[in-house]
Amino acid sequence: MMELLPNEIVIAPRVQSSLSVDDLLNSNWDKASAVAITQLWSGQKASASRHAVAQICWSAAALHVRFIGQQNEPLVVNPNPVTDRKTLGLWDRDVCEIFIAPDSANPQRYFEFEAAPTGEWVDLGIVITPAGRETEWDYASGMQTHAIVEPNRIVIGMKIPWSDQILEPTVGDEWPVNLFRCIGPDEATRYLAWRPTRTPEPNFHVPGAFGWLKFV
């Protein structure tokens with residue numbers, strides 16, 4: 001049974017070998033504690049049938065992320081998915097997301113990664129400025145994704161390689177992070193967050209609401 005952590009921190013253990021993105025049932029995942037995604041962005045409780053957990057580990061090659069979500073309703077996905085390039089607007093359908101800021105002194109600069117049950121993905125560089133949000137649409141992380149769709153659950157994985165913009169951490173580093181799930185067609189109930197942003201309208205882009213990702 002997964003150990004669920006409090007909603008302030010995600011513990012990411014280091015694994016000795018890089019995991020293939022489709023190796024979502026590898027025993028290394030048993031070493032990673034889980035955090036629960038059970039609330040709407042507003043802080044209200046989400047339907048229990050939409051809850052998910054997220055786990056993170058890391059290797060010398062990449063950051064590895066796994067989401068496991070209950071799926072008791074039809075998927076909201078693209079019937080003709082494109083997986084050889086990023087899919088802008090993916091956030092309008094079913095998707096799991098992680099936002100990470102690799103410079104803890106500058107949480108206003110972070111990266112957004114999304115993966116859908118179809119294998120579609122998107123990666124973006126974000127900066128929050130006094131004038132608003134600036135998006136690096138052409139950011140290319142080299143991320144990979146994989147999904148397992150079962151009758152009552154989905155498992156979604158991401159592999160995000162270290163790069164000049166996201167350097168490999170060292171043990172003890174802590175980065176601002178948040179984790180999200182979008183599920184279903186209803187705008188009022190589809191946006192779930194590990195750390196609710198509590199904005200008047202759905203909005204995940206609130207660095208002040210981020211928790212911490214601790215590398216161990």
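The structure presented is a predicted model; accordingly, all values stated were derived computationally and were not measured. Residue positions within a chain follow its written sequence, with the count starting from 1. pLDDT decides what is reported in this predicted model: residues at 70 or higher carry local features, side-chain atom pairs at 80 or more are listed and counted, and totals for whole chains, interfaces and linings draw on all residues regardless. In computing side-chain properties, one takes all heavy atoms of the structure into account and sets aside hydrogens as well as water.

1. What to know about the packing of aromatic side chains
Consideration 1: Stacked, tilted and edge-to-face pairs are distinguished by plane angle, under 30 degrees for stacked and over 60 for edge-to-face with tilted covering the rest, among Phe, Tyr and Trp rings (Trp via its six-membered ring) whose centres lie within 6.5 Å. Summed over the entire model, instances satisfying the criterion amount to eleven aromatic pairs.
Consideration 2: Ring geometry for Phe111 against Tyr139: centres 4.9 Å apart, planes inclined by 40°, an arrangement best described as tilted. With Phe111 in strand β7 (residues 109-115) and Tyr139 in the loop between β9 (132-136) and β10 (144-149), this pair connects stretches of sequence that are 28 residues apart. There is no split in this pair, since Phe111 and Tyr139 are both buried.
Consideration 3: Between the aromatic rings of Trp175 and Phe215, the centroid separation amounts to 4.8 Å while the plane-to-plane angle is 70°, which identifies the pairing as edge-to-face. Under the scheme used here, helices are H or I runs from DSSP no shorter than 4 residues and strands are E runs no shorter than 2 residues, and both carry numbers assigned from the N terminus. Each residue's exposure class comes from its accessible area (1.4 Å probe, protein chains only) as a fraction of the maximum for that residue type: buried when under 20%, exposed when over 50%, partly exposed otherwise.

2. Points about the side chain of Glu120
Consideration 1: Positionally, Glu120 belongs in the loop between β7 and β8 (121-129).
Consideration 2: A distance of 2.6 Å separates polar atoms of two side chains, one belonging to Glu120 and the other to Thr118.
Consideration 3: With residues up to four places along the chain from it excluded, the contact list for Glu120 reads Asn78, Pro81, Val82, Thr83, Thr87, Leu90, Arg93, Glu114, Ala115 and Thr145. The term polar contact refers here to a pair of N or O atoms within 3.5 Å; inside protein, the definition further demands a hydrogen-donor-capable atom paired with an acceptor-capable atom, and it admits residues adjacent in sequence only when both atoms are side-chain atoms. In this analysis, two residues are considered to be in contact whenever any of their non-hydrogen atoms come within 4.5 Å of each other.

3. Here we look at the environment of Asn78
Consideration 1: Along the chain, Asn78 turns up in the loop between β5 (62-70) and β6 (95-100).
Consideration 2: Through-space distance from the C-alpha of Asn78 to that of Gly119 is 10 Å; in sequence the pair is 41 residues apart.
Consideration 3: If we ignore the near neighbours within four places in the chain, the residues touching Asn78 are Arg93, Thr118 and Glu120.
Consideration 4: A distance of 2.9 Å separates a polar atom in the side chain of Asn78 from the backbone nitrogen of Asn80.
Consideration 5: Within the structure, Asn78 has its side chain in polar contact with the side chain of Glu120 (distance 3.3 Å).

Treat this as a map of the structure, not an account of what it does.
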